[in-house]
Amino acid sequence: MSSDFETYEQDFGTITAEVTNKIGKIPKISGEEKTQLVLNVDKQLEEVRELLEQMDLEVREIPIQSRAMYNSRLKSYKQEVEKLEKDFKRSRIAYSDEVRNELLGDDAISSESQLIKLREERAHLLDNTERLERSSRRLEAGYQIAVETEQVGQEILANLHTDREKIQRARERLRETDANLGKSSRVLTGMLRRIIQNRILVFVLGGIILLTIILAIYLNLRSH
């Protein structure tokens, strides 16, 4: 399972390096080349998001005792993507302004104040968008925590159910053992009683035989 995660990590590192390099090139080029580069970066960022989703699924399958390390790495990757998206949005804003200037020509210079205002509004919208994205990520993180908590609770309940069954089986074995011990005790008591009775009987018979012998000797001596 961790090997799949590491494979996604390698793909993530390769694509983000390419995206970082391309974002740095966007303000330096123009025309169709810039348009294609922007579209290409947008596509690669989508691939990066899909890799993050795959890594997130892999982390959920990792045992709880080993999950913290992978969660930390995944969190740093998400922060890196957030930074890339922010840089890309800034580069797209600059790119949009340049295209507008090319279309308007000299009129763009005379309307510089309007462009500055539009840029400020665009930056404000960007900040609002980032805040919404952060809120969405926090909600998603809260949901993930709730899911993990539910999974842990289910595992605990399953363990408690298993322990309860073990305790019940142990109690049943203890009852059976007590019953067997009671039977054995009664059998031993009966055997001991019979042994005592047999010994008493032997002593009585021995006494009778001894008295018979003594009486026979006495009678024999007396007849002489």
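Quick caveat: nothing in here was measured; it's all calculated off a predicted structure.

What counts and what doesn't
- Residues numbered from 1 in each chain as written.
- Predicted model: local features only at pLDDT ≥ 70, side-chain atom pairs only at ≥ 80, totals over all residues.
- Heavy atoms only, no water.
- 1 Å grid on protein atoms, 1.4 Å probe; cavity = no way out; pocket = protein on both sides within 12 Å on 5 of 7 lines; lining within 4 Å.
- Points joined across faces, edges and corners; volume = space filled by probe spheres on them.
- Helix = DSSP H or I, 4+ residues; strand = E, 2+ residues; numbered from the N terminus.
- Nonpolar A, V, L, I, M, F, W, Y, C, P; charged D, E, K, R; others polar.
- Salt bridge = Lys/Arg side-chain N within 4 Å of Asp/Glu carboxyl O.
- Polar contact = N/O pair within 3.5 Å; in protein donor to acceptor, adjacent residues only side chain to side chain.
- Contact = heavy atoms within 4.5 Å.
- pLDDT = per-residue confidence, 0-100.
- Phe/Tyr/Trp six-rings, centres within 6.5 Å; stacked < 30°, edge-to-face > 60°.
- Buried < 20%, exposed > 50% of the residue type's maximum accessible area, 1.4 Å probe, protein only.
- Core = buried A, V, L, I, M, F, W, Y, C linked by side-chain atoms within 4.5 Å.
- Patch = residues over 30% accessible without salt bridge, like charges linked within 9 Å, V, L, I, M, F, W, Y side chains within 5 Å.
- Areas by Shrake-Rupley, 256 points an atom, 1.4 Å probe, with all protein chains shown as cover.
- Lys, Arg positive; Asp, Glu negative; His and termini not counted.
- Charge placed at Lys NZ, Arg CZ, Asp CG, Glu CD.

## Points about the layout of surface pockets
- Looking at the largest pocket, its volume works out to about 850 Å³.
- K78, E82, R137, E140 and A141 are the residues nearest the centre of the largest pocket, which is lined by 24 residues in total.
- Counting residues per element, the lining of the largest pocket draws most heavily on helix α5 (residues 112–223), which supplies ten residues.
- Tallied by class, residues from the lining of the largest pocket come to six nonpolar, four polar and 14 charged.

## Notes on the pattern of salt bridges
- In the structure shown here, the tally under the stated rule is six salt bridges.
- Here E85 makes a salt bridge to R49, at a shortest N to O gap of 2.8 Å. Of this pair, E85 sits in helix α3 (residues 64–104) while R49 sits in helix α2 (residues 31–61), placing them 36 residues apart in sequence.

## Concerning the side chain of T16
- Mapping T16 onto the fold places it in helix α1 (residues 2–25).
- Separated by 3.1 Å, the side chain of T16 and the backbone oxygen of G13 make a polar contact.
- When residues no more than four places from it in sequence are discounted, the contact partners of T16 are V48, E80 and L84.

## Quick word on the confidence of the model for the protein chain
- Mean pLDDT for the protein chain: 81, with 83% of residues reaching 70 or above.
- Mean pLDDT values for the elements of the protein chain range from 47 in helix α4 (residues 106–110) up to 89 in α2.

## Quick notes on the packing of aromatic side chains
- Evaluation of the coordinates by the stated rule reveals two aromatic pairs.
- Relative to Y70, the ring of F5 lies with its centre 5.0 Å away and its plane at 85 degrees, an arrangement referred to as edge-to-face. Here F5 is found in helix α1, whereas its partner Y70 is found in helix α3, with 65 residues between them in sequence. Here the two residues F5 and Y70 agree in accessibility, since each one is buried.
- Note on F12 and Y77: the rings are 4.9 Å apart at their centroids and 45 degrees apart in plane angle, and the pair reads as tilted. In this pair, F12 sits in helix α1 while Y77 sits in helix α3, placing the two residues 65 residues apart along the sequence.

## Some details on the nonpolar core
- Counting residues in hydrophobic clusters, the biggest one holds 23 residues, and the most contacted among them are F12, V19, V41, L52, M55 and F88.
- Elements with a contribution of two residues or more to this core: α1, α2 and α3.
- Take this core: its biggest share by element is nine residues, from α2.

## So, a nonpolar patch on the surface
- On the surface, L192, I196, I200, L201, V204, L205, I208, I209, I213, I217 and L221 cluster together into a nonpolar patch covering about 1000 Å² of accessible area.
- In this structure, L205 sits in helix α5.

## Description of a negative patch on the surface
- The grouping of E18, E47, E50, E53 and E140 at the surface amounts to a negative patch.
- Taking the relative accessible area as the measure of exposure, E18 reaches 35% and is therefore partly exposed.

## As for a positive patch on the surface
- Together, K86, R131, R134 and R138 give the surface a local cluster of positive charge.
- Per-element accounting of the positive patch gives the leading share, three residues, to α5.
- Relative to the helices and strands, K86 resides in helix α3.

## Regarding the side chain of Q44
- Take Q44: it is sitting in helix α2.
- There is a polar contact of 3.2 Å between the side chain of Q44 and the side chain of K22.
- Setting aside anything within four residues of it in sequence, one finds Q44 in contact with I15, E18, V19 and K22.

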